[in-house]
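# Secondary and tertiary structure notes
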Amino acid sequence: MSWRRGPLGAPATLQFGLDSSPPARAHHALRDRVLMSAAKLILEPIFEAQFSPVSFGFRPKRSAHDALEVIRQAANAGAHWVLDADIRSCFDEIDHEALMALIERRVSDRAMMKLLRSWFRAGIIEGGVYSDTDSGTPQGSPISPLLCNIALSVLDEALAEASLQTGTVVRYADDWLVLCPTKQRAETARSMAEAALAPLGLRLHPDKTRIVHLTRGAEGFDFLGFHHRMVESWKWPGRYYLQRWPSDRAMASIKAKVREMTDRRHVGLSFHDVADRLNPLLRGWSGYFRFGNSARKFSVIDSYVAERMAILASNKYGLSGRNWATRFTYEWLQHLGIYRLNGKVINGNAHARQ
């Protein structure tokens, strides 16, 4: 796939050439990404003016932690019924014509519209076979998150206008939920969401969309990598507050990466080299999950890192057992400079109603 420049002022057009050389394809792919990034820079300010405050994903000066704080405040204020929704194959099934109609509401430049249409018509290549597509956003492109936000702004508007009949909406890209004071309102939110998504060619995933009851820790839900659940206060027995900590999936992911970095095939590396590889991973992971109630989970990861390093050291020296409680202790890890997660948690405020 490659670009062919049009006359001065005209947009580039996509040309397909499966027989082009790998260096040429790499050059064209880079040029495609540059063009898409430039289009994003032009379009983003135009649509930012209309985006709803309930949307947090891939937007300037808004973050996942901002979304998580809204969730905490809403739940602690009494919104104990949560519509935990999942849109089936959102990035793959957005209807092109419906999306173009939304873009045309605010963009009248014909060259830009022609360029966007050319991207949508580009189709996909799988196993060297090209096929047309009439839905989805450009695969892995810099502009895809913006196009997703444009499409789902319809959902934001529909639910925000009916917030008195539903509840607090929080959306991060195609992950979203509605926190409601009653189960009936959560069911209303689900019906309204289905109606808003249908014209876009989108639908809720029947197996992954559910209504969760939070009261007194009855149920919990996963969102943006955290597990959220109401937990009884040790200071004020009988009062429950929403807490969050790394989800099982997030824990499994970090453990898998630590395990790979400390696999026995790395016995030839020095321990300081292994530490230098581990530390950026541990810092980045803890930097995201330290905002919340992650202390126990952080201790689990510290123990896992200690165990894996002890196993690696035992393999390196031909020792039997793990030796992590005797020879390869936390003091040894501290000497190596292994980053520790313990003590890095920043707890949120816990102002809530009973």
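Rules and cut-offs
Residues numbered from 1 in each chain as written. Predicted model: local features only at pLDDT ≥ 70, side-chain atom pairs only at ≥ 80, totals over all residues. Heavy atoms only, no water. Helix = DSSP H or I, 4+ residues; strand = E, 2+ residues; numbered from the N terminus. Buried < 20%, exposed > 50% of the residue type's maximum accessible area, 1.4 Å probe, protein only. Polar contact = N/O pair within 3.5 Å; in protein donor to acceptor, adjacent residues only side chain to side chain. Pairing = 2+ DSSP bridges. Salt bridge = Lys/Arg side-chain N within 4 Å of Asp/Glu carboxyl O. Expected span 1.5 Å × (residues − 1). Contact = heavy atoms within 4.5 Å. pLDDT = per-residue confidence, 0-100.

Another aspect to go through is the side chain of Ser144. Looking at where Ser144 falls in the secondary structure, it is placed in helix H6 (residues 144-161). Since its relative accessible area comes to 5%, Ser144 is described here as buried. Separated by 2.9 Å, the side chains of Ser144 and Ser141 make a polar contact.

In terms of burial, strand E7 (residues 175-180) is a largely internal element, 5 of the 6 residues being buried. Direction of pairing for strand E3 (residues 81-86) relative to E7: antiparallel, over a ladder of 6 bridges. Of the residues in E7, the one forming a bridge with Leu83 is Val178. Two strands pair when backbone bridges link them, and strand E6 (residues 168-172) and E7 are joined in this way by 5 bridges, in the antiparallel orientation. Among the inter-strand pairings, Thr168 is bridged to a residue of E7, identified as Leu179. As consecutive antiparallel partners, E6 and E7 are separated by 2 residues, and within that stretch Ala173 has a phi angle of approximately 55°, a positive value.

In this section: the pattern of salt bridges. Any two side chains of opposite charge can pair, given that their charged atoms come close. Within the structure shown, the criterion is met by 10 salt bridges. Between Arg117 and Glu104 there is a salt bridge, and its shortest N-O distance comes to 3.3 Å. Linking Arg117 in helix H5 (residues 110-120) with Glu104 in helix H4 (residues 96-104), this pair joins segments that are 13 residues apart in sequence. With relative accessibility at 27%, the residue Arg117 sits in the partly exposed group. When its relative accessible area of 41% is taken as the criterion, Glu104 is described as partly exposed.

To continue, consider helix H8 (residues 248-261). Across its 14 residues, H8 extends 20 Å between first and last C-alpha, which sits within 8% of the 20 Å expected from 1.5 Å per residue. On its buried face, H8 is in contact with strand E11 (240-246), helix H9 (271-289) and helix H10 (295-317).

Right, let's talk about the pairing of E3 for a bit. Most of E3 is tucked away, with 5 of its 6 residues classed as buried. For E3 and strand E8 (residues 210-213), the ladder comprises 4 bridges, and the chain directions are antiparallel. Across the sheet, residue Trp81 finds its bridge partner in E8, namely His213.

Let's shift gears to unusual backbone geometry. The bulk of non-glycine residues show a negative phi, and the bulk of peptide bonds are trans. Phi at Lys61 is positive, roughly 60°, even though this residue is not glycine. Here Lys61 shows up in the loop between helix H1 (22-48) and helix H2 (64-76). Residue class for Lys61 comes out exposed when judged on its relative accessible area of 86%. Phi at Arg216 is positive, roughly 55°, even though this residue is not glycine. Along the chain, Arg216 turns up in the loop between E8 and strand E9 (220-223). Accessibility expressed as a relative area gives 54% for Arg216, which makes it exposed.

To continue, consider the confidence of the model for the protein. Of the residues in the protein, 84% have a pLDDT of 70 or more, and the chain-wide mean is 87. Low pLDDT, under 50, characterises residues 349-354; the predicted model gives this stretch 14 contacts beyond four residues in sequence or across chains.

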